[in-house]
Amino acid sequence: MNQKYKSLIAIVLAVWLFGMGFVVGKDAGSKSAPASSTQQVTEEAQVAEKPTKPNLGGSTDNGGTNNGGATNNGGATDNGTNNGGTTNNGGANNGGSTAVDPTQYSKDQIIQMMNYYVNLVKSESNMTATKTEVIKVEVTDCSVPALVNTINGIVAGVIGDESESITYSFVNDKEAGGGTPFSLIPPTNKQFEVTAEGVASASVTKDENGNYVYTVVLVPESTTMASPEPRFNATAIGYLDLAGIDVSPAKIEQADMSYPGSTVSITVDANDRVVKLYNKLPMSGVGKAKLGLSGEASFEGALDETWVFTY
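Below, the structure is looked at part by part. Here the residue numbers are simple positions, counted from 1 along each chain's written sequence. Local features in this predicted model are restricted to residues of pLDDT 70 or higher, and side-chain atom pairs are both shown and tallied only at a pLDDT of 80 or more, whereas totals for entire chains, interfaces and linings draw on every residue. Side-chain metrics rest on all non-hydrogen atoms present in the structure, leaving aside hydrogens and water.

### Concerning the overall build of the chain
Right, so step 1: We count a stretch as a helix when DSSP gives it H or I for four or more residues in a row; a strand needs E for two or more, and each element gets its number in order from the N terminus. A tally of helices and strands in the chain yields five helices and 13 strands.
Right, so step 2: Classification of the 311 residues of the chain by burial places 43% in the buried group.
Right, so step 3: Any two residues whose heavy atoms approach within 4.5 Å are treated as being in contact. Contacts in the chain between residues far apart in sequence, at least 24 positions, make up 76% of those at least 6 positions apart.
Right, so step 4: Element-wise, carbon and sulfur atoms account for 46% of the exposed surface of the chain, whose accessible area totals about 14,700 Å². Three exposure classes are used, based on accessible area relative to the maximum for each residue type with a 1.4 Å probe and protein chains only: buried under 20%, partly exposed in between, and exposed over 50%. Areas reported as accessible are Shrake-Rupley estimates using a 1.4 Å probe. Residue values count occlusion only from the protein chains shown.

Pasting the structure below:
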């Protein structure tokens, strides 16, 4: 299981157990140690094949000049002037295909390119990837309302206020701990996929460096213990799978989760490489746990995660 989800699950379970009225020490709900570049990968890390770039009817110009046009050696007349064998390098795109402005892409085209680019970076063999993540969780109610502030103080101590960063150096598909881009970059150990049905909005903008930023916002989803997998988040970022978690001697009786609209954003440079991936997974939940007595707690939170890639 991916480390960040282990950490989130530990926090959420602690919230729901605390909601029964048991005030325990910080260590009882302590966050798992952050992943490191030398952590042992328990699942067999897979390597992905390079995806095929969609043909959207033209080549994408990401700011570079295309000088691939044929040389005019035939003495042809260009606006009345004989260029006598001079190569035509004056056009932005002389290769015979029409340059496409990604900011004008349709929703379906953006989805195609998002699927391509995220799976492209998940299939890279040699690169450095730095992941920075921030986890926020706040208890909004519990069975003993007077304890809400106390519980939030404990949760804040568990999570901490600062972001956590880790850098992976991939050489020939693997990093030091045996992980691969496919096994570590969300959604972990699976192909990235968003669909028109699962995307509420899609856009492309150009940043200050001339890079294209592709962004999709997913439709809201809700899950229960009986049906814990949010269909669209599962193949775009991930989710908290609380079903079947052993918290003996306690027992989780209810785990209702809501994902109100996750965001995935990628930044593509002039060399058609993904240089950044950003995921935001907002969530809220209502849970019930039993340890002799039953108690209930609700929370709101979010995971913000940024990956920066260098080649």
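### Some thoughts on the packing of aromatic side chains
Right, so step 1: Aromatic rings from Phe, Tyr and Trp, with only the six-membered ring used for Trp, were paired whenever their centres fell within 6.5 Å, and each pair was classed as stacked if the ring planes differed by under 30 degrees, edge-to-face if by over 60, and tilted otherwise. Within the structure shown, the criterion is met by five aromatic pairs.
Right, so step 2: Here the aromatic rings of Tyr168 and Phe170 are separated by 6.0 Å at their centres, their planes lie at 25°, and the arrangement is stacked. For the residue pair Tyr168 and Phe170, the accessibility class agrees, reading buried in each case.
Right, so step 3: Members of the aromatic cluster, connected to one another through ring pairs, are Tyr168, Phe170, Trp307 and Phe309.
Right, so step 4: Sitting over the ring of Phe182, Lys122 keeps its end group 4.8 Å from the ring centre. Each ring is checked for a lysine NZ or an arginine CZ that lies within 6 Å of its centre and within 35 degrees of its normal; such an atom marks a charge sitting over the ring.

### Section: helix H2 (residues 107–122)
Right, so step 1: Residue count minus one, scaled by 1.5 Å, sets the expected span of a helix. With 16 residues, H2 should cover 22 Å at 1.5 Å per step; its first-to-last C-alpha distance of 23 Å lies within 8% of that length.
Right, so step 2: Buried residues dominate H2, accounting for 12 of its 16 residues.
Right, so step 3: Buried within H2 we find Ile110, Ile111, Met113, Met114, Asn115, Tyr116, Tyr117, Val118, Asn119, Leu120, Val121 and Lys122.

### Here we look at unusual backbone geometry
Right, so step 1: Going from Pro186 to Pro187, the amide bond is cis rather than trans, its omega being -5°.
Right, so step 2: With respect to the helices and strands, the residue Pro187 is situated in the loop between helix H4 (181–184) and strand S7 (199–206).
Right, so step 3: A positive phi angle is found at Asp173, which is not glycine, with a value near 85°.
Right, so step 4: With respect to the element layout, Asp173 can be found in the loop between strand S6 (164–170) and H4.

### Overview of the environment of Val47
Right, so step 1: By the secondary structure assignment, Val47 is in the loop between helix H1 (3–18) and strand S1 (59–60).
Right, so step 2: Owing to a relative accessible area of 46%, Val47 belongs among the partly exposed residues under this scheme.
Right, so step 3: Distance from Val47 to Ser183, taken between C-alpha atoms, is 7.7 Å for residues 136 residues apart in sequence.
Right, so step 4: Those residues in contact with Val47, other than ones at most four positions away along the chain, are Asp173 and Thr180.

### Considerations on the pairing of strand S8 (residues 212–218)
Right, so step 1: With respect to burial, S8 is a largely interior element, six of its seven residues being buried.
Right, so step 2: Pairing between strands requires that DSSP locate at least two bridges from one strand to the other. Between S7 and S8, which pair antiparallel and follow one another directly, the connecting turn spans five residues, one of which, Gly210, has a positive phi of 85°.
Right, so step 3: Pairing geometry for S8 and strand S11 (residues 263–268), over six bridges, is antiparallel. Bridge assignment links Tyr214 to a residue of S11, and that residue is Ile266.

### A look at the pairing of S7
Right, so step 1: Where S7 meets S8, seven bridges bridge the pair, whose relative direction is antiparallel. Residue pairing in the sheet places Ser201 in a bridge with Val217 of S8.

### So, helix H3 (residues 148–159)
Right, so step 1: With 12 residues, H3 ought to run about 16 Å at 1.5 Å a step, and its terminal C-alpha atoms sit 16 Å apart, in line with that.
Right, so step 2: Considered for burial, the residues of H3 that qualify are Val148, Ile151, Asn152, Ile154, Val155, Val158 and Ile159. On an axial view of H3, the arc spanned by its buried residues comes to 160°, and they lie on one face.
Right, so step 3: Gly160 lies just past H3 and shows a positive phi near 85°. The arc in question is the one traced by the directions running from the helix axis out to the C-beta atoms.

### What about the side chain of Thr223?
Right, so step 1: One can find Thr223 in strand S9 (residues 221–223).
Right, so step 2: With relative accessibility at 4%, the residue Thr223 sits in the buried group.
Right, so step 3: Apart from residues no more than four positions distant in its own chain, Thr223 is found in contact with Pro228, Glu229, Pro230, Ala255, Asp256, Met257 and Tyr259.

### Some points on the pattern of salt bridges
Right, so step 1: In what follows, salt bridge is the name for a side-chain nitrogen of Lys or Arg lying within 4 Å of a carboxyl oxygen of Asp or Glu. With the rule as written, the count across this model stands at six salt bridges.
Right, so step 2: One salt bridge in this structure joins Arg231 and Glu197, with 2.9 Å as the shortest N-O distance. Here Arg231, found in helix H5 (residues 231–234), pairs with Glu197, found in the loop between H4 and S7; they are 34 residues apart in sequence, far enough to count as distant.
Right, so step 3: By relative accessible area, which is 52% here, Glu197 ends up exposed.
Right, so step 4: A salt bridge links Lys288 to Glu296; its shortest N-O distance comes to 3.9 Å.
Right, so step 5: Lys288 sits in the partly exposed class, given a relative accessible area of 28%.

Geometry only, nothing functional implied.
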